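The lines below spell out each chain.
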Amino acid sequence: MQLSGQQYQIQGLNVLDICQQFGTPLYVYDADVIIRQINNLKSAFNTVPLRIKFACKALTNISVLKLMQTQGIGIDAVSVAEARQALLAGFKPKDITFTSNGVDFSEIQEAVELGVSINVDNLPTLELFGKIFGNTVPCCIRLKPNIRAGGNAKIQVGHEHSKFGIPLAQLPDVHTLVTKYNIVINGLHIHTGSDILDPEAFIQGANVLFTVAKEFPDLAFIDFGGGFKVGYKKGDKTTNMPDLGEKLSAAFKEFCKDYGRELEMWFEPGKYLVSECGVLFVKANQVKQTPSITFVQVNSGLNHLIRPMMYDAYHEIVNVSNPAGELKTYDVVGYICETDTLGSDRQLNEVRADDVLALLNAGAYGFTMSSQYNARFRPAEVLVYKGEARLIRERETMEDILRNQILLDF
Ligand code: LLP
């Protein structure tokens, strides 16, 4: 979203017109930003055989998935339903990876039936996988690299006490199972966390993978996970992609020489591809002056964007209705029946009732983590593609609130 004169625009469209047409609260995604981010990643790693698998948990709308598909990237799915959505959007099974965590084995079997590639993150699953599929279906294993990296503690997942991945100390057990059932391990995977700024964390993770990889002769790829840092606040540092690309590619090429074969380098970014593309537009219901704080109460809340309350995440807020208004200090809060601060102590151009506010960088883990809490409808979603704003999800209605509920006849 850009300020052009006195107007905030997305691809030349006045955002107020978009909000007028589709109503608020509204998630709007800019397809150009998604494509730009994909291309940034591709060009940072253009000297190695790169495969990008979009971690679609960040934004699963099927039209966004289809856009990704047209850009020649794949999908990382965390559930069979995500994999099915990707298939529906036009992905081939071979371009989808199922990276589950602690699921019932029937889900893995279902994914194998769909033909998607499988990532296993615990020993009991590996044993069942071996018993049932032997050497007929290859699989990747997720390792726990023992690295603490990532933004908020809740999104650090590569450390010793994390539930994710097979601990390095259990590698002998992996080998026992591989030998016993003749399992073909075609890939190694780590995902250390989200919002990782320090490129060293990626290099450290890579070194763990390169060391372990020497023990597995049938690899086709190494998957370095996701977690690149995006900027939420003005002046925030972000992952320096060209720098990381250069360092990691050099290390990878060196490794492949040692390994004796060129492998594919995989990444599964979520935020990096879709955080910046998304804006959540909300309307100021009223401005409430109190002796200590001026609140802007908006027609949304933690039900639509949980990141501020869940991770203390900062989303920049802009009053798109009054770009020239005098700067004043506000707490922007939702309408939910518990504390749901979207931003506190924010300097905004003067807010009046009915003004539209934009919460920036809301494309990743925004809509996908939304809920119907307080029996509120989830927002509509719009994709701006080639200068046109297209509805890609209708706003929910009372029918959606009642769907699947059963009124007993007492
Ligand atoms: N790969 C795996 C196995 C993952 O679990 C995740 C994210 C990703 C890739 C993508 O990570 P990203 O590039 O988006 O950082 N809801 C939190 C983030 C949770 C991430 C969960 N896994 C948030 O809003 O900050």
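Residues numbered from 1 in each chain as written. Predicted model: local features only at pLDDT ≥ 70, side-chain atom pairs only at ≥ 80, totals over all residues. Heavy atoms only, no water.

**With respect to the UniProt feature "domain: Orn/DAP/Arg decarboxylase 2 N-terminal" (unreviewed entry) in the chain**
Okay, so step 1: Following the UniProt record, the feature "domain: Orn/DAP/Arg decarboxylase 2 N-terminal" (unreviewed entry) maps to residues 33-275 here.
Okay, so step 2: Along residues 33-275 one finds 41% helix and 16% strand; the C-alpha atoms at either end are 9 Å apart. (UniProt positions renumbered as here; feature names shortened; annotations may be inferred. Helix = DSSP H or I, 4+ residues; strand = E, 2+ residues; numbered from the N terminus.)

**Quick word on the packing of helix α6 (residues 123-133) against helix α7 (residues 171-181)**
Okay, so step 1: The N-to-C vectors of α6 and α7 enclose an angle of 10 degrees; their axes lie 9 Å apart at closest approach. Judged by the inter-axis angle, α6 sits roughly parallel to α7. Facing α6, whose interface residues are Leu123, Leu126, Glu127, Gly130 and Lys131, α7 presents Asp173, Val174, Leu177, Lys180 and Tyr181.
Okay, so step 2: The residue inventory of the contact of α6 with α7, partitioned by class, reads five nonpolar, one polar and four charged. (Axes fitted to C-alpha atoms, helices over the stretch in contact; angles between N-to-C directions. Parallel < 35°, antiparallel > 145°, perpendicular 65-115°, else oblique. Contact = heavy atoms within 4.5 Å. Nonpolar A, V, L, I, M, F, W, Y, C, P; charged D, E, K, R; others polar.)

**Focus: the UniProt feature "domain: Orn/DAP/Arg decarboxylase 2 C-terminal" (unreviewed entry) in the chain**
Okay, so step 1: This chain's UniProt record puts "domain: Orn/DAP/Arg decarboxylase 2 C-terminal" (unreviewed entry) on residues 27-363.
Okay, so step 2: Here residues 27-363 runs as 32% helix and 24% strand, with 8 Å between its end C-alpha atoms.

**Concerning the domain arrangement of the chain**
Okay, so step 1: The assigned domain composition of the chain is domain 1 (2-23 + 278-362 + 364-402) and domain 2 (31-274).
Okay, so step 2: With 20 residues of domain 1 in contact, the opposing surface of domain 2 contributes 22 residues.
Okay, so step 3: Summing both partners gives a buried area of about 1900 Å² for domain 1 against domain 2, and 54% of it is carried by carbon and sulfur.
Okay, so step 4: Put simply, domain 1 and domain 2 have one salt bridge between them.
Okay, so step 5: In this structure, the salt-bridge partner of lysine 234 is glutamate 316, at a minimum N-O distance of 3.3 Å.
Okay, so step 6: Along the contact surface separating domain 1 from domain 2 lie 12 residue pairs in polar contact (both at pLDDT 80 or more). (Domains from an automatic or database assignment. Buried area = accessible area lost by both parts, 1.4 Å probe. Salt bridge = Lys/Arg side-chain N within 4 Å of Asp/Glu carboxyl O. Polar contact = N/O pair within 3.5 Å; in protein donor to acceptor, adjacent residues only side chain to side chain.)

**Section: the site of the ligand**
Okay, so step 1: Close to the ligand lie 17 residues, the nearest being Ser194, Glu268, Lys271, Arg307 and Tyr365.
Okay, so step 2: Lysine 271 has a polar side-chain atom sitting 2.7 Å from an oxygen atom of the ligand.
Okay, so step 3: In the environment of the ligand, an oxygen atom lies 2.6 Å from a nitrogen or oxygen atom belonging to the side chain of arginine 307.
Okay, so step 4: Bound to the protein, the ligand loses 91% of the 580 Å² it would expose on its own.
Okay, so step 5: When its residues are assigned to classes, the shell around the ligand shows six nonpolar, six polar and five charged.
Okay, so step 6: Counting contributing residues per domain, the shell around the ligand is built from domain 1 (2-23 + 278-362 + 364-402) and domain 2 (31-274), each supplying no fewer than three. (Near = heavy atom within 4 Å. Areas by Shrake-Rupley, 256 points an atom, 1.4 Å probe, with all protein chains shown as cover.)

**Examining the nonpolar core**
Okay, so step 1: Counting 108 residues, the largest nonpolar core has Phe45 and Phe54 as the members making the most contacts within it.
Okay, so step 2: No other element matches the nine residues that helix α8 (residues 199-213) contributes to this core.
Okay, so step 3: Taken domain by domain, the makeup of this core includes at least three residues from each of domain 1 (2-23 + 278-362 + 364-402) and domain 2 (31-274).
Okay, so step 4: For phenylalanine 54, the residues in contact, after removing those within four places along its chain, are Leu59, Leu65, Met68, Ile73, Gly74, Ile75, Asp76, Pro269, Gly270, Leu273 and Val274.
Okay, so step 5: By size, the runner-up hydrophobic cluster in this structure holds 19 residues, among which are Val15, Phe22, Phe281 and Val320. (Core = buried A, V, L, I, M, F, W, Y, C linked by side-chain atoms within 4.5 Å. Buried < 20%, exposed > 50% of the residue type's maximum accessible area, 1.4 Å probe, protein only.)

**Thoughts on unusual backbone geometry**
Okay, so step 1: In this model, threonine 24 is joined to proline 25 through a cis peptide bond whose omega is -10 degrees.
Okay, so step 2: Note that proline 25 resides in the loop between α1 (15-22) and β4 (26-30).
Okay, so step 3: Not every positive phi belongs to a glycine, and asparagine 182 is a case in point at roughly 60 degrees.
Okay, so step 4: Within the secondary structure, asparagine 182 sits in the loop between α7 and β11 (185-189).
Okay, so step 5: The backbone of aspartate 354 shows a phi angle near 80 degrees, a positive value even though the residue is not glycine.
Okay, so step 6: Along the chain, aspartate 354 falls in the loop between β18 (341-349) and β19 (356-359).

**Details of the confidence of the model for the chain**
Okay, so step 1: Counting all residues, the mean pLDDT for the chain is 96, and 100% of those residues have values of 70 or more.
Okay, so step 2: Within the chain, the lowest mean pLDDT, 93, falls on α8, and the highest, 99, falls on β4. (pLDDT = per-residue confidence, 0-100.)

**Description of helix α5 (residues 105-114)**
Okay, so step 1: For α5, every residue scored as buried is listed here: Phe105, Ile108, Ala111, Val112 and Leu114.
Okay, so step 2: Its buried side turned inward, α5 meets α4 (80-88), β7 (96-99), β8 (117-120) and α6.
Okay, so step 3: Among the residues trailing α5, glycine 115 stands out with phi positive, at a value near 90 degrees.

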